[in-house]
Amino acid sequence: RLLSGVASAGGADGAPEAADKPSAVRRNRGDAKRHKQSQRSKGAQFLVQVDSPVEIGPEHRGSIMELTDDLVSQFAPEGFAGDLDEDKNFMEKPGIMVRQPFLEVLEQMKELEAGVPSSAPQASIFSGPRGQGKSMSLNLALLRARANGWITLSMLDTREWVTEKGAMKRGTGTAAVIVPSKLRPGMYSQPRGAQSVLERTLSLHKDQLAKLRQQRKYEHNAYVSEDGFDSLATIAERGIRSAVYAGDAMYDLRMELGLVEDFPVLIVSDQANALYWPTCFYAKGSAVGPDKLLALETFRDFDTSGEVRPQYRLKRGLRLAAPTAKFGFPMPPATILEHFEDTALQFFKPFDVRGEAVSCSKATYARELPVPAYDDAELRNLVIFLKKQKALDSTNALEEQAFRTLQTLTSANPRRIRDALTSPLI
C-alpha cells in the first residue's frame, strides 16, 4: 500500500515527481502508522474487560477472561476442569474464552436468578472432540454462579474416583480404598474424597446452607442439629466430622439441593462419562460398579437414554456436564469384560465409548450442547492471548499449546494456522 501511494503521487508516466516524493512518503508512513495503531487497538479487545464473571455477556463472545489470583482463590478452590491447571506452567495468568455454548447456558442462569422458569432443559451436556472447550464452558459457568450467590456442587476430576491413580487419595488413607456405607447396605464410600467435597462446598456456601432446612425424612439421627434447626449445613458438617458418614452425607446433600428453591443451584461434573465406567474396585470377590459408589451416584443424574433420573431433577437449578476423550479406556478390555459379567449395568451409556458424544435426543430434561470448532476470530484471539502470555516461547509450551490450540482447534487447516500466526495484531 505504501508503494502504491508513492506511485500515485507521480507524474503521468507513473514516475514519482521529485518535489512531491518526500511529502508522499511522509503521508503514507502516517497512514501506515495510524493503521497499525488501529489494529493494535482492535487487538486489545481479545480480553474481557470486566471486574467480575457476573458481568460477562453476549458482547464478550470470542474474548478471553484472565484468571487473577483473587478470582481463583475466591471462586475456584478446587482448581479447574480441563487443562487450565496445567496451563499455569506456561503462563502467568491462564484465561477462559467466552464461547457460544456458555452463552446459551448464561441465558438460563439469568432466568433462574430472576425466578423465571426456563423453557430450556435443566441439564446440558457439552459434547465434541477433545480440545474444543467443553471444560472451559463448565469452568466459566461455575465461576459466574459462585460469584452471583448460587449454591454449587462439583466433581471436576471424576476419572480419579474410579481408577487406581486416585483410589488411595480418596479412600481411608490406609489399604482400604473403599468402605461399606454406614447408612446404605450394599453401597460403598470413599471417605477422604467425600470429605474434601463437603469441606469445599461448606466453605463456599456455609451461610446459604445454614439457612436451608432439611426437607427429606431420615430414619436415623445422623443429621440432627443440637440447636434444633436441622439445616443442610448440618449434613455437610456431619460428613466432615465423621468419616464413616462422609459418602452418605455427600449423596444426601446432593438430593437435598434438588429440592432447594430459595437459591439457584448448579451441579457440575467434568469427565462425566467416567461416572458410567467400570471401576477398579472389588468387594467380596465381585467387581463394584459405579452405581455402588456413593460419590459417583451423587452425580449420576442421567439414565442410559440421557434423560435426567426423576430423583435428580432440580426445582431451581441447572445441571452441567462434559465428557472427556483424553484418557481412552479406563482399564484393559479383559478387566472391563469381567465387570460386564458381574453386573447388569450398561456401561458407558448415555455417552459413547470414546467420550466425545452423548445420546439424549429423546430426553425432556436434558439436552446436548455441541461445542463447535473455533472460528477465525476466536482462534486469532486465542493465539494473541497465548503470545501475550509468552505461552508459545518455550519448547515445551510450543508442543503442548501449538498443537492443542492450533492444529486441533483448526482441524489442522494450514491456511488458518498460518493466518493466525502471521496476523498483524500479533
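Residues numbered from 1 in each chain as written. Predicted model: local features only at pLDDT ≥ 70, side-chain atom pairs only at ≥ 80, totals over all residues. Heavy atoms only, no water.

Draft legend 1. Spotlight on the overall build of the chain. From N to C terminus, the chain includes 15 helices and eleven strands. With 426 residues in all, the chain has 53% of them scored as buried. Within the structure as shown, the chain displays about 20100 Å² of accessible surface, and the carbon and sulfur contribution to it stands at 49%. (Helix = DSSP H or I, 4+ residues; strand = E, 2+ residues; numbered from the N terminus. Buried < 20%, exposed > 50% of the residue type's maximum accessible area, 1.4 Å probe, protein only. Areas by Shrake-Rupley, 256 points an atom, 1.4 Å probe, with all protein chains shown as cover.)

Draft legend 2. Representation of the packing of helix α8 (residues 191-211) against helix α10 (residues 246-257) within the structure. Contact geometry of α8 with α10 gives a least axis separation of 9 Å together with a crossing angle of 40°. Judged by the angle between their axes, α8 and α10 are oblique. Remark: the crossing between α8 and α10 carries left-handed chirality. Touching P191, A194, Q195, V197, L198, T201 and L209 of α8 are A246, G247, A249, M250, L253 and L257, all from α10. For the contact of α8 with α10, a count of residues per class yields ten nonpolar, three polar and no charged. (Axes fitted to C-alpha atoms, helices over the stretch in contact; angles between N-to-C directions. Parallel < 35°, antiparallel > 145°, perpendicular 65-115°, else oblique. Left-handed = near helix turned anticlockwise from the far one by under 90°. Contact = heavy atoms within 4.5 Å. Nonpolar A, V, L, I, M, F, W, Y, C, P; charged D, E, K, R; others polar.)

Draft legend 3. View of the layout of surface pockets. Reported here for the second largest pocket is a volume of approximately 270 Å³. Lining the second largest pocket are 17 residues, with L112, P117, S118, Q122 and K315 sitting closest to its centre. Broken down by secondary-structure element, the contributors of at least two residues to the lining of the second largest pocket are α5 (100-113) and β10 (317-322). Here the lining of the second largest pocket is built from residues that sort into eight nonpolar, seven polar and two charged. (1 Å grid on protein atoms, 1.4 Å probe; cavity = no way out; pocket = protein on both sides within 12 Å on 5 of 7 lines; lining within 4 Å. Points joined across faces, edges and corners; volume = space filled by probe spheres on them.)

Draft legend 4. How the structure looks around the environment of R99. Within the secondary structure layout, R99 lies in the loop between β2 (95-97) and α5. On a C-alpha basis, the gap between R99 and V371 in space is 8.5 Å, while along the polypeptide they are 272 residues apart. In contact with R99, other than residues within four places in its own chain, are Q132, V371, P372, A373, Y374 and E378. Within the local environment of R99, its side chain forms a polar contact with the backbone oxygen of P372, the two atoms lying 3.0 Å apart. (Polar contact = N/O pair within 3.5 Å; in protein donor to acceptor, adjacent residues only side chain to side chain.)

Draft legend 5. Spatial organisation of the packing of α5 against helix α6 (residues 134-147). Direction vectors running N to C along α5 and α6 enclose 25°, while the axes themselves pass 10 Å from each other. In terms of orientation, α5 lies roughly parallel with respect to α6. You can see that α5 and α6 cross each other, and the crossing is right-handed. Along its contact with α5, which presents P101, F102, L106, M109, K110 and E113, the element α6 presents S137, L140, A141, R144 and A145. Tallied by class, the residues present in the contact of α5 with α6 amount to seven nonpolar, one polar and three charged.

Draft legend 6. Just unusual backbone geometry, in detail. For Q271, which is not glycine, the phi torsion reads 55° and is therefore positive. Inspection of the secondary structure assignment puts Q271 in the loop between β7 (265-270) and β8 (282-283). Even without being a glycine, K284 presents a positive backbone phi close to 55°. The exposure class of K284 is exposed, given its relative accessible area of 83%.

Draft legend 7. Local environment of the pairing of strand β4 (residues 151-155). Judged by how many residues are buried, β4 sits mostly within the fold: five of five residues are covered. Of the two faces of β4, the one holding I151, L153 and M155 and the one holding T152 and S154 are both buried throughout. Taken together, the five bridges between β4 and β7 define a ladder with parallel strand orientation. In the strand pairing of β7, L153 is matched with I267. (Pairing = 2+ DSSP bridges.)

Draft legend 8. Focus on the packing of aromatic side chains. Here the structure, examined in full by the defined rule, presents three aromatic pairs. With a centroid separation of 5.8 Å and an interplanar angle of 50°, the aromatic rings of Y276 and F351 are classed as tilted. Highlighted residues: Y276 in the loop between β7 and β8 and F351 in the loop between α12 (333-342) and β11 (366-370), separated in sequence by 75 residues. With a relative accessible area of 4%, Y276 lands in the buried category. (Phe/Tyr/Trp six-rings, centres within 6.5 Å; stacked < 30°, edge-to-face > 60°.)

Draft legend 9. Spotlight on the sheet that holds β10. Reading across the sheet, the five strands line up as β4-β7-β10-β3-β11 and stay open at both edges, with parallel pairing between neighbours. Across the chains shown, the open sheet's two edge strands, defined by having one partner strand only, are β4 and β11. Neighbour-to-neighbour, the strand axes of the sheet open up by a mean angle of 15°, direction not taken into account. Here α6 sits on the sheet and contacts β3 (123-127), β4, β7 and β10; the angle it forms with β7, its principal contact strand, is near 155°. Each of β4 and β7 touches α10; the most contacted strand, β4, lies at about 135° to it.

Draft legend 10. Main features of the pairing of β10. With six of six residues buried, β10 is to be regarded as a mostly interior element. Burial along β10 is two-sided: the residues G317, R319 and A321 and L318, L320 and A322 are all buried. Summarising the sheet, β3 and β10 pair through three bridges and their orientation is parallel. Bridging from a neighbouring strand, I125 pairs with A321 of β10. As judged from the six bridges shared by β7 and β10, these two strands associate in the parallel manner. Residue pairing for β10: V265 is matched across the bridge by G317.

Draft legend 11. Inspection of the pattern of salt bridges at higher detail. Tallying each qualifying case throughout the model produces 18 salt bridges. Notably, a salt bridge pairs R144 with E113, separated by 2.5 Å at the nearest N-O pair. Pair noted here: R144 is in helix α6 and E113 is in helix α5, with a separation of 31 residues, a long-range link. For R144, a relative accessible area of 3% translates into the label buried. For D248, the salt bridge identified is with R184, shortest N-O distance 2.8 Å. (Salt bridge = Lys/Arg side-chain N within 4 Å of Asp/Glu carboxyl O.)

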